[in-house]
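Architecture and fold: a report
Spelled out, the chains give:
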Amino acid sequence: MGTLIDQLFQGYFSLERSGGQLLESRYDPLLVTLSYLIAVFAVYTTIGLVAHMRREFEAGRQKNRYWWAGAALTLGGGIFVMHFVAMLAFSIQVEVRYDLGMTLLSLLVAVVGSAVALMQIRGRLSFPRLIWGGVWMGGGVGGGGGCGDALCWNGLSTGTGVATLCPRTVVDLCAGCGGGLYGHHGAVLLFFLNQGEDLICRTPKHRVSWRCSGSRHALYGDGVSRVL
Amino acid sequence: MGMASAEFYSGGSCGVSTELFGVSLEQGELGIEVSVIALLVIAVGLMTSVFNDRLNSLLQKKNDELAQQVARRTAQLSSTKEQIELILESIGEGVVVVGLDGKIQQANPVLEKMSGRGQDQLIGASLSTLFVETTEGDDLTSLLYQLSLPLKVLLEKERVLFEQFCEESPVALLLMTEQGVIESSNPAMKALTGWSAETITGGTLEPLLPEAMREHHRQLVEGFMKDPSPRKMGNRRLLPVVTADGEEKQLEIGLLPLPCEKQLLVLVVLNDLEDVRSWEMFKTSTLGRLTLETDDRVQLQYQLLQPEEEKLPVEITLGMLGQHQHGLSPTGAVLVLRDMSEQIKQRHQDQYAAFQASITEMSSTVLHNIGNVLTGMSGSVVSINQVVSDLELIIKGVGVMQKGVQNGTIDLDRVDQTLSALLEMVGKLCDGDSNDERPRGLRQQSQRLDAGLQHASEIITEFRQAATSEVRATRFNLHSFVIETLGLIEDRFERYHVELNMEVPEWIEMNIPRNLSMQMLLNLVKNSLEAVQQRREGEEALAGRVTVSAGAVDEGLVELVVTDNGCGISKEKQQEVLNYGYTTKETGSGIGLHSIVKFAKSVRGEVAIESAGENCGATVRIILPVEAQESHS
């Protein structure tokens, strides 16, 4: 048992344990800023798209699916790109290679997780839905970020990338789910705390007032991006 | 636990390359590129969301405005509807709204009262069930149908009806093709220009135009065909037309394009501006309405069926709902029913009063004439009395002579001489003096008395006949009839110093209601006398003249003409004076000429008035059949 856990965490923490002393690492402030802006901007856009989705859903129109897909792609894509750019901001003096399949899988996980989570908030949000949505959202964030992290660190690992990375991916996913549960919980709470007024701001004809809610959207994007 | 050393760097390159999908890129550049692409994609999503929201907001705003407008309009319509319902209920005449199928859609309480039916019986019922059945042409439902059809549809779908309308039109009509070829023309065209349908059909209008006009007309036709919009009547658009007799007439022309399925047809309306009567008739005809698209209401006389088979005379004013000129097809019609029973009663009373007045007037004339006869007779009576006195003297003389003979105081020779003288005297008293121009003997006086009595008897008989409303056709000689009739008012000519001329042939025999004819002629001559008197108010020295003439105009038709040199009638009033209640005289009732028209029509005759204008005299022409075809009371 101990061997398995060791094996699982061997590669994951190998950098801190061994390479940390050896590698010189740097953060590119421009890319860090861009990563942050992407997160805020993606969440801000998602809020708008979610508002449309909810409105269409409440009106019983099939058009809500397009808004839902758009919101999922924006949020999922945002999660993925935020992590991807953040990774690129982190530089170590080694050659880095990105695996196409893993990269796309990372994007896919983020989008699917976001999609399922967003599906939970189309109608009235109940607590079980919140939990269930939080799990998927967390999975999406963790998977999107984790899979992106699970790259082939050429020069650090000489084994097969997949064999070495699978345990790390699983750990990322689990951490993501746990973190996501918390994160999404917090995110959804934030959404309603911040958007509660925005939802109230809707006219009886379900019109979203962008002016009054714009700053809150940005704040919410900031909040969510921090959770991410 | 040792931590990896990390610090922020700037400048993008730290000398480490990254391989993405086999392409080696500098790590910082890759991050910027991915970020930019991601931001662009998210921006597209954001824009979509924002624009959609703006669009929805705009749409919502417009919807709200529209909803407000609809609400406002609905409120207006609702208010208008309430007003109309109130008007319908408070109006004093029967109002009924019908669909084009002739079914009643709405009726007001007055109509319920007039027809004796409730709303439940009226709504949905056929309009024709309300009225006494009439001939097919007068059927209200078919009239509604005809009025609802645009002329183009009438021409295409109801060609027979269209042609029937054209045949009956009092105004000349031509149907022409796009190429200017005359497809058909109506009888009124022949009456107006003398050109029959057979002569002009298939040709162009050019032979009917003056030579100088033809080229210009060709250009006008080309211009019309380039822009075939209606050329309406009433703009005094004149076309000179040469009649079959070679006379040139200026006719007003109107053009109505009728785009049919196969080709463009043009309905040409030609109107003689002087013939106001025909134009008025055309305007009120169904074809006239469809051609001119007038707003005029149709007025009809019908009898409304009431409970227990009673009939109420009503005048219907019919107006279509949704007129052609507003680009709408009619959806139905509104009929306003006016109870005419009181008016008809009043009219009868007026006519009776006029009749009474005429009788009174005639009575005074008759009494005057009888007075004249009696004056003549009284002279004879005086003469007879004188003869009687003479005879008494003779008797006395004979008595004295008889006593003298008996006493032997008178010899026989003297008696013989005296008797001879007496016999001669008695003879003169009886037969009059043959040397006198007017022998005044008992016999002549007796004959005069007899003649006077006969004359008086004749006058009384004529008066009695004229005073009765006997309307049976009787056979009479027109010449004698005119003399007798004029004899009744002979004294007026003397009194007013008006010359009377009579040109009536002796051979005309008539068989029409004599008494009504007599009243008609009396009315006409009386009017002429009054017209002369009226003109004299301005021209005291006027030598008044009235001429009564007659002659045969056609087989079985006689024209009776009364001409005077009185005050005349202006052109505008020439038609109106024939209407009931219209008069130009201060004391007139407007019944005289109307009753003449009524009588003439009752025997299928016609009345026409001609006058060159005020103070130019007037001529009344009455065409009467020799044999009355029917008579009406």
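Residues numbered from 1 in each chain as written. Chains lettered and ligands numbered in written order. Predicted model: local features only at pLDDT ≥ 70, side-chain atom pairs only at ≥ 80, totals over all residues.

1. Re the overall build of chain B
- When you go through chain B residue by residue, the secondary structure sums to 18 helices and 20 strands.
- Burial statistics for chain B: of 633 residues in total, 25% are counted as buried.
- In chain B, 56% of the contacts between residues at least 6 apart in sequence involve partners at least 24 apart. (Helix = DSSP H or I, 4+ residues; strand = E, 2+ residues; numbered from the N terminus. Buried ≥ 20, exposed ≤ 12 C-beta atoms within 10 Å, placed from the backbone. Contact = placed C-beta atoms within 7 Å.)

2. A word on the overall build of chain A
- Check the secondary structure of chain A and you find eight helices and three strands.
- Secondary structure elements of chain A occur, N-terminal to C-terminal, as α-α-β-α-α-β-β-α-α-α-α.
- Across the 228 residues that make up chain A, the buried fraction comes to 46%.
- Expressed as a percentage of contacts within chain A between residues at least 6 apart in sequence, the contacts between residues at least 24 apart total 84%.

3. Quick notes on the pairing of strand β10 (residues 264–271) of chain B
All names here are of chain B.
- As judged from the six bridges shared by strand β6 (residues 172–177) and β10, these two strands associate in the antiparallel manner. Bridge pairing links Ala 172 to Leu 270 in β10.
- The loop that links strand β9 (residues 248–259) with its antiparallel partner β10 comprises four residues. (Pairing = 2+ DSSP bridges.)

4. Some details on the confidence of the model for chain B
Residue and element names in this part refer to chain B.
- The predicted model of chain B has a mean per-residue pLDDT of 80, with 88% of residues at 70 or higher.
- At the low end of the mean pLDDT range in chain B sits strand β1 (residues 5–8), at 52; at the high end sits strand β18 (residues 557–564), at 92.
- pLDDT under 50 marks residues 1–5. Its contacts with residues more than four places away, or in other chains, come to 14 contacts.
- This model gives residues 11–15 a pLDDT under 50, and the stretch forms eight contacts once residues within four places in sequence are excluded.
- Note on the complex model: pTM 0.45, ipTM 0.72. (pLDDT = per-residue confidence, 0-100.)

5. Comments concerning the environment of Lys 113 of chain B
- In this structure, Lys 113 of chain B sits in helix α2 (residues 109–115).
- Overall, Lys 113 of chain B belongs to the exposed group, with 11 C-beta atoms counted inside 10 Å.

6. Some remarks on the nonpolar core
- Residues Ile 38, Val 50, Ala 71, Val 81, Val 85 and Leu 118 of chain A are the most contacted members of the largest nonpolar core, which totals 46 residues.
- Secondary-structure elements contributing two or more residues to this core are α3 (29–58), α4 (64–89), α5 (100–120) and α6 (127–149) of chain A together with α1 (27–90) of chain B.
- By residue number, the principal contributor to this core is α4 of chain A, which donates 16 residues.
- When residues no more than four places from it in sequence are discounted, the contact partners of Val 50 of chain A are Ala 71, Leu 118 and Ile 121 of chain A.
- The next biggest cluster of nonpolar side chains, apart from the first, holds 39 residues, and it includes Met 520, Ala 550, Ile 569 and Ile 622 of chain B. (Core = buried A, V, L, I, M, F, W, Y, C linked by C-beta atoms within 7 Å.)

7. Focus on the packing of α3 of chain A against α4 of chain A
All names here are of chain A.
- For the pair α3 and α4, the least separation of the axes is 8 Å and the interaxial angle reads 170 degrees. Overall, the two elements α3 and α4 adopt an arrangement that is roughly antiparallel.
- Its residues placed into classes, the contact of α3 with α4 shows 21 nonpolar, nine polar and one charged. (Axes fitted to C-alpha atoms, helices over the stretch in contact; angles between N-to-C directions. Parallel < 35°, antiparallel > 145°, perpendicular 65-115°, else oblique. Nonpolar A, V, L, I, M, F, W, Y, C, P; charged D, E, K, R; others polar.)

8. As for the sheet that holds strand β5 (residues 104–107) of chain B
Residues and elements named next belong to chain B.
- Within the open sheet, the five strands sit side by side as β5-β4-β13-β12-β11. Their pairing is antiparallel. For this open sheet the edge positions go to β5 and β11 (298–305), each flanked by a neighbour on one side alone. On average, adjacent strands in this sheet sit at an angle of 30 degrees to one another, irrespective of strand direction.
- With three bridges joining them, strand β4 (residues 94–99) and β5 adopt antiparallel strand pairing. Residue pairing across strands places Val 98 opposite Ile 104, the latter belonging to β5.

9. Focus: the environment of Ser 549 of chain B
All names here are of chain B.
- The residue Ser 549 is located in strand β17 (residues 544–554) in this model.
- A residue is classified by how many C-beta atoms lie within 10 Å of it, and Ser 549, with 16 of them, is partly exposed.
- For the pair Ser 549 and Thr 563, spaced 14 residues apart in the sequence, the C-alpha separation amounts to 8.3 Å.

10. Some details on the sheet that holds β17 of chain B
Residue and element names in this part refer to chain B.
- Read from one edge to the other, the open sheet built from five strands follows the order β15-β17-β18-β20-β19, with strand pairing classed as mixed. Here the strands that pair on one side only, and so sit at the sheet edges, are β15 (498–503) and β19 (606–610). Across this sheet, the average inter-strand angle for adjacent strands is 15 degrees, counted without regard to direction.
- Strand direction decides the pairing type here: β17 and β18, joined by eight bridges, are antiparallel. Along β18, the bridge assignment pairs Thr 547 with Thr 563.
- Across the sheet, helix α17 (residues 514–536) is in contact with β15, β17, β18 and β20 (618–625); its angle to β18 comes to roughly 20 degrees.

11. Concerning unusual backbone geometry
Residues and elements named next belong to chain B.
- Positioned with a positive phi, His 497 is a non-glycine residue whose angle comes to about 55 degrees.
- On the secondary structure map, His 497 appears in the loop between α16 (490–496) and β15.
- In the Ramachandran plot, Arg 604 falls in the positive-phi region, its phi being about 65 degrees despite a non-glycine side chain.
- Mapping Arg 604 onto the fold places it in the loop between α18 (592–602) and β19.
- A tally of 13 C-beta atoms within 10 Å means that Arg 604 is categorised as partly exposed.

12. Here we look at helix α4 (residues 140–148) of chain B
Residues and elements named next belong to chain B.
- Inspection of α4 places Leu 140, Leu 144 and Ser 148 among the buried residues, and these make up the whole buried set. The arc enclosing the buried residues of α4, seen along the axis, measures out at 75 degrees, which places them on a common side.
- For α4, the elements touching its buried residues are β4, β12 (311–321) and β13 (332–339). (Arc of directions from axis to C-beta.)

13. Comments concerning the pairing of β17 of chain B
All names here are of chain B.
- Here β15 runs beside β17; their pairing, made up of six bridges, is parallel. Residue Glu 499 lies in a different strand from β17, and its bridge partner there is Arg 545.
- In sequence, β17 turns back onto β18 through a hairpin of two residues, with Gly 556 there showing a positive phi of about 80 degrees.

14. Things to note about the confidence of the model for chain A
Residue and element names in this part refer to chain A.
- Chain-level pLDDT for chain A is 66 on average; 50% of the residues reach the 70-or-more range.
- Of all secondary-structure elements in chain A, the lowest mean pLDDT belongs to helix α2 (residues 14–22), at 46, while α4 reaches the highest, 88.
- Predicted confidence for residues 196–214 stays below pLDDT 50, and this span has 19 contacts to residues more than four positions away or in other chains.

15. Focus: the packing of α4 of chain A against α1 of chain B
- Two numbers describe how α4 of chain A lies on α1 of chain B: the axes approach to 10 Å, and their chain directions differ by 165 degrees. Looking at the two axes, α4 of chain A sits roughly antiparallel to α1 of chain B. Between α4 of chain A and α1 of chain B the crossing geometry is left-handed. Contacts between α4 of chain A and α1 of chain B involve Gly 70, Thr 74, Gly 77, Gly 78, Val 81, Phe 84, Val 85, Leu 88 and Ala 89 of chain A from the former and Gln 27, Leu 30, Gly 31, Val 34, Ser 35, Ala 38, Val 41, Ile 42 and Gly 45 of chain B from the latter. (Left-handed = near helix turned anticlockwise from the far one by under 90°.)

16. Points about the environment of Ser 196 of chain B
Residue and element names in this part refer to chain B.
- For Ser 196, the location among the structural elements is in the loop between α7 (187–193) and α8 (197–200).
- Of the residues examined, Ser 196 has 13 C-beta atoms within 10 Å and is grouped as partly exposed.
- Separated by 11 residues in sequence, Ser 196 and Ser 185 place their C-alpha atoms 7.7 Å apart.

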